[in-house]
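Take a look at the letters that make up each chain.
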There are 2 protein chains.
Amino acid sequence: MTVSSTSTDLESYLQSNREERLASYTEFLRIPSISALPQHSGDCRRAAEWLAAELRRLGAEHVEVSETEAHPIVYADWLHAEGAPTAIVYGHYDVQPVDPLELWESPPFEPVLKADRVLARGAADDKAQIHMHLRAAEALLATRGRLPLNLKFVFEGDEEASSPGLDQWLEDHRDQLQADLAVISDTEFFYGNLPAITIALRGIMYAEIDVVGPPFDMHSGGYGGVIQNPANALAWILSSLKSPDGIVRIPGFYDDVVPLTDLEREALAELPFDEESYRQTLGVPAFAGEPGYSVLERRGARPTLDVNGLWSGFQGEGSKTIIPGRAHAKVSCRLVPGQDPRRIFDLLKAHVATVTPPGVTVEVRSLGNGDPSLTAIDHPATQAAARALEATFGRAPVYIREGGSIPICASFENLLGLPVVLLGFVQPECGAHAPNEWMDLGNYETGIRTIARYWDELATSLG
Amino acid sequence: MTVSSTSTDLESYLQSNREERLASYTEFLRIPSISALPQHSGDCRRAAEWLAAELRRLGAEHVEVSETEAHPIVYADWLHAEGAPTAIVYGHYDVQPVDPLELWESPPFEPVLKADRVLARGAADDKAQIHMHLRAAEALLATRGRLPLNLKFVFEGDEEASSPGLDQWLEDHRDQLQADLAVISDTEFFYGNLPAITIALRGIMYAEIDVVGPPFDMHSGGYGGVIQNPANALAWILSSLKSPDGIVRIPGFYDDVVPLTDLEREALAELPFDEESYRQTLGVPAFAGEPGYSVLERRGARPTLDVNGLWSGFQGEGSKTIIPGRAHAKVSCRLVPGQDPRRIFDLLKAHVATVTPPGVTVEVRSLGNGDPSLTAIDHPATQAAARALEATFGRAPVYIREGGSIPICASFENLLGLPVVLLGFVQPECGAHAPNEWMDLGNYETGIRTIARYWDELATSLG
């Protein structure tokens, strides 16, 4: 880890309160703010109040725990850098559920320090990165009495639960949110702990397919061979959506895909990434996906389709001889720049109608959309982030495309018209959404310096 | 309803205790002997004890509540008709679960009399028919002091739960169970309340397919397009088993099917059966199944394959973006004479191996087999039953093939070497396994006369 180029005062300050900072970070981790579970909604509010108190303490203003249709959004700002640019800092204080609990080595909300890692639910995703932003701003204010640019903090509590209230909140606060860019720290470094800037995120189209057969479950002896079985019909429909080699078979699906350029393919190919050791890490017998593309290309730059859930009929031990009355699937597509999730939903729905066998009816319902997102590498805000990373971590970042979706990213771009820089610090193996999530304390500490440096760089390049 | 030809004494006796008989039948129905639910195992034992007491009361001997690995089997006999044939009478005192409870018009274990029907779980399947056998024997013994043939009663308590202990019990009691035939009253009349003798039952092969992918659920953003999705793979596998028009695609599946003869097809075509009104009754938009065969042929004389249950990944409200680690299906085939369920399982397993896509592993596990069964129309025991039905119900029975399976049927045939006569009295619309199950009291009363008459006919024709 290389720490350099932040002012000596700043570095001394950060060195001096390292223990207190870690105590504060783990205190934040102890709040079980699981947004998807109603029984934790009090904890989500507690996490929001905790953040508000921290923001007040470090010197932010207009601190507000702002109501939404779901959990509150915490807003705060510091706007005294006249003439300097304004950045929105976005993060989320909510965390994923913890099941399967039995796979955790220690209780998920009792943080443990182990080999320079903090183990806890939310240690990486996304509480660490919120805390890093708080502490970067605190260190700058404490040592300089001011920030080099204007900051507006937006911390939401529903990122892991589809952010139902966020877009409306953004619309309602459009004036308050005027800025020059948004910075989201909710992404990852590359394998081998290489500093990375994510330049693209996939979008998402999420749907449910409900197949309706007889009015209730029927005896499979008396009716087998006579009436259409909704579960068989569902299997038929799903099998028509994607072939086993990973090619999506919905007509028109690939029409709007912006192909990777040769330059991008070369850049991806040059990343230090070994598919075979990656496969072993994942514990799967083989990769599977679109022929002609590398794993990194398939993950970040190619669209795909996955069944996320299936249910029908009897799921217990032993045997029950029924033709289920209903069969259901959750299906989602990850989309790449050029693709419109609303159009993809329409194509899916039309295709399902053409392949539905006789004897059942099918409904296809939308459960949500997220637009894909792409940031230019040569944007000044991206290049400023690159300089900050190189100055603090000691090497220039790689530019990566992530397979996941951060819908807020498209919301900032489309609703507020802002460029978005994805500056994340967690390692890709950190177990976000899985048991034993962890954060590397080296990345946490150095990342605070990166953020502080980034504000200086932005003030210079956009100022 | 025509009642005739039983002796005047018998008829007077049955007329005189009709009220008491109905009270006893409904008392039996009040015992919630649901074999599939462990919390009702005490009720199953109570039903067995109730039957044993009734058998003792009517004059049966060697009454025994006999332990098995599951619920007890009730055995009793009356063996004083020297030189006359011996029949085993089989029935089951256990009943199906009652869910969905909210669809019942009255509580399932509080029998209600309504328009000459008894409504209750088990009213038809199979408690009515056990009770009819008890009361036919009682009436004969009460009025004549003897039966015209020897009877051995075998009433089990696990028919609705795959009869785990039955075959072993039959093996263990092989000597005690020597007989000339078995009579099973657990089948139906034909539509329009036409007396019917079931001459064929389909067999069954039941299996579970478990598709194994990554060690746990993975984020569909980070891994979609890279690793094989077990739920998509399962859909692919299931879609390869049967085409939407109902043709099973497992190689070799139809090899051993004994085709219907032209005579049988003509007899089935002559049954008073309207496919369109049947479709409306079932509430499905269209029938679906093998082209070139009628509904009755497909149901009784053609094999088929059904998915009985499906589960994988996320089944809740809303969206969860995972690639499930596992996907599962329950799959069963109904088989016709000539097909061996063990061979069909092997064919299924081999086929699944050939269509499993890369990146997942699949296990196919057997959950049970039942052989198909066929009784000759011209067997003397079948013809005796036909005469008894015609004498009591006033018209000759039709001969039908049932789509369901009664594994005990094959057990009697194969383990004990006995011909089996399927003499059932419930109506096909009776709602066995469904809410608001009912028994027609006319069929119940006349059927008691039929059974008594059948023993006389058998004594004459086999004696």
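Residues numbered from 1 in each chain as written. Chains lettered and ligands numbered in written order. Predicted model: local features only at pLDDT ≥ 70, side-chain atom pairs only at ≥ 80, totals over all residues.

1. Focus on the relation of the copies chain B and chain A
To keep things clear, this is the line we draw: When the copies are overlaid, the least-squares fit takes in C-alpha atoms only where the residue has pLDDT of at least 70 in both copies. By the convention adopted here, residues make contact when the C-beta atoms placed from their backbones lie within 7 Å.
Superposition record for chain B on chain A: RMSD 0.1 Å, screw rotation 180°, translation along axis 0.0 Å. The transformation relating the two chain copies, once decomposed into turn and shift, fits a two-fold axis. A share of 99% of the interface residues of chain B reappears at the interface of chain A, consistent with the copies meeting face to face through the same patch.

2. Quick notes on the nonpolar core
The cut-off we apply is this: Put simply, a nonpolar core is buried Ala, Val, Leu, Ile, Met, Phe, Trp, Tyr and Cys residues tied into one set by C-beta atoms within 7 Å. Put simply, a residue is buried when 20 or more other C-beta atoms lie within 10 Å of its own C-beta and exposed when 12 or fewer do; between those, it is partly exposed, and each C-beta is set from the backbone. Per the convention used, a helix needs a DSSP run of H or I reaching at least four residues, while a strand needs a run of E reaching at least two, with both numbered from the N terminus.
Core analysis: the biggest nonpolar cluster contains 93 residues, and Ile88(A), Ala182(A) and Ala385(A) have the highest contact counts within it. Top contributing element to this core by residue count: helix α4 (residues 127-144) of chain A, with eight residues. Beyond its immediate sequence surroundings of up to four residues, Ala182(A) is in contact with Ile88(A), Tyr90(A), Phe412(A), Leu418(A) and Val420(A). Within the second largest apolar cluster, 92 residues are counted, among which are Ala52(B), Ile88(B), Ala123(B) and Leu422(B).

3. Overview of the packing of helix α12 (residues 380-393) of chain B against helix α14 (residues 441-462) of chain B
Residue and element names in this part refer to chain B. Put simply, the test is: In this analysis an axis means a line fitted to C-alpha atoms, helices contributing only their contacting stretch, and an angle means the value between N-to-C directions, from 0 to 180 degrees. Any angle between 65 and 115 degrees counts as roughly perpendicular, while under 35 counts as roughly parallel, over 145 as roughly antiparallel, and the rest as oblique. We call a crossing left-handed when the near helix sits turned anticlockwise from the far one by less than a right angle, and right-handed when that turn is clockwise. Side-chain classes follow a simple rule in which Ala, Val, Leu, Ile, Met, Phe, Trp, Tyr, Cys and Pro form the nonpolar group, Asp, Glu, Lys and Arg form the charged group, and the remainder, Gly included, forms the polar group.
Between α12 and α14, the shortest axis-to-axis distance is 8 Å and the interhelical angle comes to 140°. If you check the angle between α12 and α14, you find them oblique. Where α12 crosses over α14, the handedness of that crossing is right-handed. Here Pro380, Ala381, Ala384, Ala385, Arg387, Ala388, Leu389, Ala391, Thr392 and Phe393 of α12 come into contact with α14, specifically with Thr446, Arg449, Thr450, Arg453, Tyr454, Glu457, Leu458, Ser461 and Leu462. Residues of the contact of α12 with α14, tallied by class, amount to eleven nonpolar, four polar and four charged.

4. Focus on the interface of chain B and chain A
Heads up, the rule is: Any two strands with at least two DSSP-identified bridges between them are counted as paired.
Taken together, the contact pairs 74 residues of chain B with 73 residues of chain A. Secondary structure elements with two or more residues in the side of chain B that touches chain A: α6 (220-223), α7 (230-239), α10 (295-300), β11 (304-313), β12 (322-323), β13 (326-335) and β14 (361-370) of chain B. Here the element with the most residues in the side of chain B that touches chain A is β11(B); it accounts for nine residues. Each residue belonging to the side of chain B that touches chain A can be placed in one class, and the counts come to 32 nonpolar, 32 polar and ten charged. Relative to β11(B), strand β11 (residues 304-313) of chain A is paired through five bridges, and the arrangement is antiparallel. Within β11(B), the position partnered with Leu310(A) by the bridge is Ser312(B).

5. A short note on the confidence of the model for chain A
Residues and elements named next belong to chain A. Our working rule: pLDDT: the predictor's confidence for each residue, scored from 0 to 100.
Averaged over all residues, the pLDDT of chain A equals 94, while 98% of them reach at least 70. Note on residues 1-6: pLDDT is under 50 here. Beyond four places in sequence and across chains, it has 18 contacts. Two numbers describe this predicted complex: its pTM, 0.85, and its ipTM, 0.86.

6. Some points on the sheet that holds strand β9 (residues 203-212) of chain A
Across the sheet, which stays open at both edges, the eight strands sit in the order β14(A)-β9(A)-β13(A)-β11(A)-β11(B)-β13(B)-β9(B)-β14(B) with antiparallel pairing between neighbours. Strands at the two margins of the open sheet, each flanked by one partner only, are β14 (361-370) of chain A together with β14 of chain B. Geometrically, the sheet is characterised by an average inter-axis angle of 25° between neighbouring strands, direction not taken into account. As paired strands, β11(A) and strand β13 (residues 326-335) of chain A are joined by eight bridges and run antiparallel to one another.

7. Concerning the domain arrangement of chain A
All names here are of chain A. Heads up, the condition is: Those domain boundaries reflect an automatic or database domain assignment.
Domain parsing of chain A yields domain 1 (8-201 + 372-462) and domain 2 (203-268 + 288-370). At the interface, twelve residues of domain 1 touch 13 residues of domain 2. Looking at the side of domain 1 that touches domain 2, the elements with two or more residues in it are β16 (398-402) and α13 (407-414). Taken together, the residues of the side of domain 1 that touches domain 2 break down into seven nonpolar, three polar and two charged.

8. Quick look at the environment of Arg202(B)
Counting through the fold element by element, Arg202(B) comes out in the loop between β8 (196-201) and β9 (203-212). A sequence separation of 133 residues divides Arg202(B) from Leu335(B), and the C-alpha atoms of the two residues are 5.1 Å apart. Discounting chain neighbours no more than four positions away, the residues touching Arg202(B) are Gly221(A), Arg334(B), Leu335(B), Val336(B), Pro372(B), Gly403(B), Gly404(B) and Ser405(B).

9. Re helix α12 (residues 380-393) of chain A
Residue and element names in this part refer to chain A. Selection criterion: Expected helix span is given by 1.5 Å per residue-to-residue step, counting one fewer step than there are residues.
In a regular helix each residue adds 1.5 Å, so 14 residues correspond to 20 Å; α12 covers 20 Å between its end C-alpha atoms and thus fits that length. Among the residues making up α12, those that are buried are Ala381, Thr382, Ala384, Ala385, Ala386, Ala388, Leu389, Thr392 and Phe393. On the buried face of α12, the contacting elements are β7 (181-184), β8 (196-201), β17 (420-422) and α14 (441-462). Of the residues flanking the end of α12, it is Gly394, one or two places downstream, whose phi is positive at about 85°.

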